[in-house]
Structures are given as C-alpha cells and as structure tokens.
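# Architecture at a glance
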Amino acid sequence: MQGVVDAILREIGFNPEVESDREPERGATRLVSSVIIVLTGMVLLVPNITVLLTPPNDAVGTVLSLLGSVVSTGLIAAGYSLYHSNFSDRNAIRIAIWNVLGLVVLGLVMVGLFAYQSNAGAEPVDRVFTIANLLAIGAAAHVIIGVYDARRVRAEELAAERRKLAVLNRVLRHNLRNEATVMLGHAEHIAATADDEGVVDSAATLKNHVEIVGELAEEADTVMSVYDREGRGLEDRPVRSDAEEAVGRVSEAYPEADFSIDVPGGLRARSDPALSEAIEELVENGVVHGADEPAVEVTAVDEGDWIAIEVRDNGPGIPEEEYQVVTGESEITQLTHGSGLGLWVVQAVVDAVDGRLDFGVPDEGGTVVTLRLPPA
C-alpha cells in the first residue's frame, strides 16, 4: 500500500528525495509542518466518509464523497511523506503554509457564498459535506503548488551555487595549478643552488607544500570534471583493470608499501571514467595515513544490486569528521572542512551513478571504504 501511495505522490510531483543530497534533521519544525497537513486531511476526511457510509446516496453524491475521501487520504499520506522527505525545514514550512493558505482562501470564498445564498433565500445542500469536499480538493491543490514552489526555490539556490562553483572551478583549474607549477620550479632552483643549509631546508619545505597545493588543484579538476559531466558519458568499467592502474600509480610513489588486489577479471561496473582516480585516492590515503608499514588491499564482489569495491588499510582510520563532511552528515565549517579533496573525488564518482559510499572500522583495526556502483 505504501508503494502505491508513494507512486501516486511522485506522479503529482511530490518526489522529495531529489531536493537534498543528505538527510535533514527531523525536529519540531518538520513535525509541525507535517502534522498540519495530516490534520487537514483527517478533519476533512470525516464529513466525506460519513456521507459515503450513510445511505441512501445518489450517484453524484457517492462520486463526490469518494473523490473527497481519496483526496483527504492523499493529504494524510502527503503529510507523512513530508516528514520523512529530504525537503529542508524551510521548504517543509513553505509547503505547510501553502496548505493553510488553500484552506483559508477557499474557506473564505465558501463562507461568502453561503452568506449570499442565505440572504437570497436559497438553501444549499448539506453545508458541512460541501465545505469538506471543496476544502479537501483546495488543500490538496495548494499542497501540490507548495511542493513545486519549494522546488523552484531550491532550483534557484542550486543555480546560484553552480554559478559560484563555476568561478571557483576556473580559478582552481587554471590559476592555482599554474601558480603552483611556477612556485615549484623556483623552490627546486633555490634548493639546488643555495649554499646555506637553512635556506635549502626552507626550500624543501616550500616544495613539499607547493606539491600539496598542486595535488589539490588536480583533485579539484577531477571533482569538477565529474560533476560537470552530470552523469553523461558513463561507461561499463572493468573493475580489475581500474584497480590495477590505481594501485600501480600509487606503488610507484610508495614502493615500500604492501599492496594486494582481489578482483575477479570479468567484473564490470557502471561508472564515470574517473573510477580509477577514485580508487587511487583511497589507496593513496591508506598508504599516507596508514601504519608504519602500510598495507592496502583492494577487493571487489558482485552483490547483485551493486558492485562493491572495498579499499582496506591497516592504518588508524579516517577521522569521522573527515568523511562526514564529504557524505553530507555534517556541515562544512571552519573547523570541519576536511584536509584534502581525495574523498570528494570518490564521492563525485559515486554521485554520478547514484551509488553509495560507506566507511567502516573492522574488528581487526584499520579502515575499510566501500564504493557501491551499479553493475554494468
């Protein structure tokens, strides 16, 4: 039954999962908004169903009461769905206000209409039923209007965010990377020609930090490229080949680390072309932040609905605040912003196919990160 109700709500535009990339907190504000709509449906359902269950009824009265009962039940379902949706609290309030506005406006119109009829000597049929029937339809219509209004607001917010990201994108892709290349060349020149040991050490430190800046620019380039494609250009990726390429690149930079790959040869996943870069980021993270003798294992299995790619290391684990920012479980602030963009590369690849990114700490220690992508 719940699946049928959800399908009907989606058909009329109430598909709130698309509004937000993360689960909002479900507090008092959201509860009040949902209760307003649920109570509207419950109050208006009573007169409609009473007429339906009180014979005799003519055909027109039966159809109207059935329509009013169905619409009122839909309001109850919409209120329940709103509470469990991904709409922000502000947009949940917006939808509830539209619902109340529909009741007030249509209610005032009917009060005026009945006053006019009474003054004219006409006797309308069963005022309570008429009011409940029309208000149910009006309230439902205004809830739908509220949903589309909330989406419009969200679309405008996303458009503004995309414009800001476009500016940052240009800066990160071009200016920052080019400046980092220039500074790296000067740092290497100073380190090679300076006689003072302190100057040489400072040049080496500068070189290390400039390399980090350059890596951030490259990672930002990858993240923005994946999001710019917006799911276009997806490929059936050979998971083992991508894993071998990723591990190969990291092993060249860190030959002292121990790497292993356990991926079936014919396993393929539907993914953005940057899958190899995503695996590389996780493998490198396992080495850089791993144990004194780092060991990283890449495995993959077919779970039926998903291709699960696991990257496991023997390190102390990724700090919770690091991956919660990436997955959207916590807001980006000056204190919780993450130390790099590697995990953002992984999240972008997962987002491209509506996949899943999970973090875990095995009983034996270390960290395991799992990408779940649809099968090819």
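Residues numbered from 1 in each chain as written. Predicted model: local features only at pLDDT ≥ 70, side-chain atom pairs only at ≥ 80, totals over all residues. Heavy atoms only, no water.

By the naming in an unreviewed UniProt entry, the protein goes by histidine kinase and is assigned to Halolamina litorea. Heading Catalytic activity (unreviewed entry) of the UniProt record for the protein holds this comment: "ATP + protein L-histidine = ADP + protein N-phospho-L-histidine." (UniProt positions renumbered as here; feature names shortened; annotations may be inferred.)

### Here's the deal with the sheet that holds strand E5 (residues 307-313)
With mixed pairing, five strands are arranged side by side in an open sheet as E2-E4-E5-E7-E6. Edge positions in the sheet fall to strand E2 (258-262) and strand E6 (356-360), since each of these pairs with one other strand and no more. Each strand axis lies, on average, 15° off the axis of its neighbour in the sheet, ignoring direction. Bridge count between E2 and strand E4 (residues 295-302): five bridges; the pairing is parallel. (Pairing = 2+ DSSP bridges. Helix = DSSP H or I, 4+ residues; strand = E, 2+ residues; numbered from the N terminus. Axes fitted to C-alpha atoms, helices over the stretch in contact; angles between N-to-C directions.)

### Overview of helix H6 (residues 197-229)
If you check H6, its first and last C-alpha atoms are 48 Å apart, about what 33 residues at 1.5 Å a residue would give, namely 48 Å. For H6, the set of buried residues is Ala203, Val210, Gly214, Ala217, Glu219, Ala220, Asp221, Val223, Met224 and Val226. Where H6 begins, one side-chain oxygen reaches toward the backbone nitrogen of Gly198, 2.7 Å away; that side chain belongs to Asp196. Backbone geometry just downstream of H6 places Glu230 in the positive-phi region, at approximately 50°. (Expected span 1.5 Å × (residues − 1). Buried < 20%, exposed > 50% of the residue type's maximum accessible area, 1.4 Å probe, protein only. Polar contact = N/O pair within 3.5 Å; in protein donor to acceptor, adjacent residues only side chain to side chain.)

### Considering a nonpolar patch on the surface
A surface patch of nonpolar side chains, about 340 Å² in accessible area, is lined by Leu31, Val35, Leu39 and Met42. Taking the relative accessible area as the measure of exposure, Met42 reaches 43% and is therefore partly exposed. (Patch = residues over 30% accessible without salt bridge, like charges linked within 9 Å, V, L, I, M, F, W, Y side chains within 5 Å. Areas by Shrake-Rupley, 256 points an atom, 1.4 Å probe, with all protein chains shown as cover. Salt bridge = Lys/Arg side-chain N within 4 Å of Asp/Glu carboxyl O.)

### Focus on the nonpolar core
Inside soluble globular proteins, nonpolar side chains tend to come together where they are buried. Counting residues in each nonpolar core, the largest one holds 38 residues, and the members touching the most others are Val239, Phe259, Val283, Val298, Ile309 and Leu371. If you tally residues by element for this core, the top one is helix H10 (residues 342-352), at seven residues. Residues in contact with Phe259, not counting those within four places in the same chain, are Val247, Val250, Ser251, Tyr254, Val283, Val287 and Val296. In terms of nonpolar packing, the next biggest core, distinct from the first, is built from 19 residues, Leu44, Leu82, Phe114 and Val147 among them. (Core = buried A, V, L, I, M, F, W, Y, C linked by side-chain atoms within 4.5 Å. Contact = heavy atoms within 4.5 Å.)

### Details of the confidence of the model for the protein
Considering every residue of the protein, the mean pLDDT works out to 79; 81% of them sit at 70 or more. Under a pLDDT of 50 for its full length, residues 16-22 has, in the predicted model, 16 contacts with residues more than four places off or in other chains. This model gives residues 330-338 a pLDDT under 50, and the stretch forms 12 contacts once residues within four places in sequence are excluded. (pLDDT = per-residue confidence, 0-100.)

### Focus on helix H8 (residues 275-288)
Helix length check: H8, at 14 residues, gives a terminal C-alpha distance of 20 Å against a target of 20 Å (1.5 Å per residue), a fit within 8%. Looking only at H8, the buried set comprises Leu275, Ser276, Ala278, Ile279, Glu280, Glu281, Leu282, Val283, Gly286 and Val287.

### A few points about a negative patch on the surface
The grouping of Asp195, Asp196, Glu197 and Asp201 at the surface amounts to a negative patch. In this structure Glu197 comes out as exposed when scored by relative accessible area, which is 62%. (Lys, Arg positive; Asp, Glu negative; His and termini not counted. Charge placed at Lys NZ, Arg CZ, Asp CG, Glu CD.)

### What to know about the UniProt feature "transmembrane region" (unreviewed entry) in the protein
In the numbering used here, UniProt assigns the "transmembrane region" (unreviewed entry) feature to residues 31-53, 59-83, 95-116 and 128-148. Structurally, residues 31-53 is divided into 96% helix and 0% strand, and its ends, taken at the C-alpha atoms, are 32 Å apart. As annotated, residues 95-116 comprises 100% helix and 0% strand, and the C-alpha atoms at either end are separated by 32 Å.

### What about the packing of helix H2 (residues 28-52) against helix H4 (residues 89-119)?
Packing of H2 against H4 brings their axes to within 8 Å, and their N-to-C directions diverge by 25°. Taken as axis vectors, H2 and H4 run roughly parallel relative to one another. For the crossing formed where H2 meets H4, the hand is left-handed. From H2, Thr29, Arg30, Ser33, Ile36, Ile37, Thr40 and Leu44 reach across to H4, where they touch Asp89, Ala92, Ile93, Ile95, Ala96, Asn99, Val100 and Leu103. (Parallel < 35°, antiparallel > 145°, perpendicular 65-115°, else oblique. Left-handed = near helix turned anticlockwise from the far one by under 90°.)

### Things to note about the environment of Leu31
With respect to the helices and strands, the residue Leu31 is situated in helix H2. Here the alpha-carbon distance between Leu31 and Leu82, two residues 51 residues apart in the chain, equals 9.0 Å.

### Topic: the packing of H8 against H10
The interhelical angle for the contact between H8 and H10, taken along N-to-C directions, is 145°, at an axis separation of 8 Å. The element H8 and its partner H10 pack so that their crossing is left-handed. Counted together, Leu275, Glu277, Ala278, Glu281 and Leu282 of H8 and Gly342, Leu343, Val345, Val346 and Val349 of H10 form the full contact between these two elements.

### Digging into the pattern of salt bridges
Inspection of the entire model under this criterion finds 10 salt bridges. We note a salt bridge from Glu235 to Arg237, for which the minimum N-O separation is 2.5 Å. When its relative accessible area of 16% is taken as the criterion, Arg237 is described as buried. Asp358 is the partner of Arg372 in a salt bridge, and the nearest nitrogen-oxygen pair spans 2.7 Å. Within this pair, whereas Arg372 is found in strand E7 (residues 367-373), its partner Asp358 is found in strand E6, the two being separated by 14 residues in sequence. Three or more residues joined by partner-sharing salt bridges are found here, namely Glu303, Arg356, Asp358 and Arg372.

### Remarks on the environment of Val213
By the element assignment, Val213 lies in helix H6. With a relative accessible area of 26%, Val213 lands in the partly exposed category. Taking the C-alpha atoms as reference points, Val213 and Thr181, separated by 32 residues in sequence, lie 9.5 Å from one another. Non-local contacts of Val213, meaning those with residues more than four positions away in its chain, are made with Leu176 and Ala180.

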